[in-house]
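# Inside the fold
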Amino acid sequence: MNQDELKKAVAQAALDYIKPHLDDNSIIGVGTGSTANCFIDLLATIRNDFDGAVASSEATAERLKGHGIPVYDLNSSAPLDFYIDGADETNEHLELIKGGGGALTREKIVAEVSKTFICIADESKKVDILGDFPLPVEVVPMARSHVGREIVKLGGDPVYREGFTTDNGNVILDIHNMDLSRPIQVEERLNNVVGVVTNGLFARRPADVLLLGTSRGVQTITRDKS
C-alpha cells in the first residue's frame, strides 16, 4: 500500500475501534491533518450514530461541518470519550511529536480532556527516538526572539515558520537538532519558558492507542500504563 492507502486504512481502523462505543450523546474529539481528514470523511458515514464533534482547528471544524457533523465548543460539550488524531512522529511509548500543521495547542487541549487518545499513523512515523521531525513550539509573537534565545540555551536550533499564524494568533518556532531522548523533561522545560504557549511534544499525555498502518495491515499498539 502507498502512504495514502495506509492513511485510509488507519482511519477505517479508528472508526471500527470507536463505533461500538458510540451513542446519541457521544461527542468525538477530532484532530488536524491529512490522516485526520481521512477519518473525518469516514466519520461522516455514521454521522447519525453520535451527537457531534470537538475540532482541534478551524480547518477541521469546517471539514466536519461540510459533512453535516455538528461541531461543539469544548467549554460547552460533554466529556469526550475519544480523541482521534495523527502524528508527525511516535516512539514505542506512544509519546508523540505533533504540530506540523500548526494546531498543536488545540490538539493538546482536546487530547488532555479525552478519556482515550487514539493516534492514527503510517509506519513511516514510528521511530526509536523522537526528534528527526522538527519540534514545533507555539509562541506569543512579542516573545519570539526571547524564546528563540532560550531554546538555543536548551540545545536546540529554532527556525521561525515564516508566513504562518496559528488559529490562536500566535507564531511557530520549529526546533531542529534537539536531544529528545527524555521527552517528558524536555516538554516541561520548554513549556516553562516565558512566552511559550505550548510545544508539540505529547509525552506527559501520550496516546493511549496507536493504530499503525503497515504493509502487513494495521497494527494496534496499546500503551503500557503500568
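Scroll up a little and you will see the structure.
Presented here is a report on the structure given in the accompanying data block. Note that the coordinates shown come from a computational prediction; the quantities given were computed from them, not determined experimentally.

### Looking at the sheet that holds strand β11 (residues 201-202)
What links the strands of a sheet is backbone hydrogen bonding, and the strands pair in either a parallel or an antiparallel sense. Taken in spatial order, the 3 strands of this open sheet run β4-β5-β11, and their pairing is antiparallel. Because the sheet does not close on itself, it has two edges, and the strands there are β4 (89-90) and β11.

### Description of the pattern of salt bridges
Think of it this way: side chains of opposite charge can pair up when their charged atoms draw near. Here the structure, examined in full by the defined rule, presents 11 salt bridges. The shortest N-O distance in the salt bridge between Arg106 and Glu58 comes to 2.9 Å. With Arg106 in helix α4 (residues 104-112) and Glu58 in helix α3 (residues 58-66), this residue pair connects regions lying 48 residues apart in the sequence. The salt bridge partner of Lys98 is Asp85, with a shortest N-O separation of 2.7 Å. Separated by 13 residues along the polypeptide, Lys98 in the loop between β5 (96-97) and α4 and Asp85 in strand β3 (residues 80-85) bring together distant segments of the chain. Each member of the pair, Lys98 as well as Asp85, carries the same accessibility label: buried. Within the structure, one salt-bridge network assembled from shared partners comprises Asp85, Lys98 and Glu107.

Conventions used here
Residues numbered from 1 in each chain as written. Predicted model: local features only at pLDDT ≥ 70, side-chain atom pairs only at ≥ 80, totals over all residues. Heavy atoms only, no water. Pairing = 2+ DSSP bridges. Helix = DSSP H or I, 4+ residues; strand = E, 2+ residues; numbered from the N terminus. Salt bridge = Lys/Arg side-chain N within 4 Å of Asp/Glu carboxyl O. Buried < 20%, exposed > 50% of the residue type's maximum accessible area, 1.4 Å probe, protein only.

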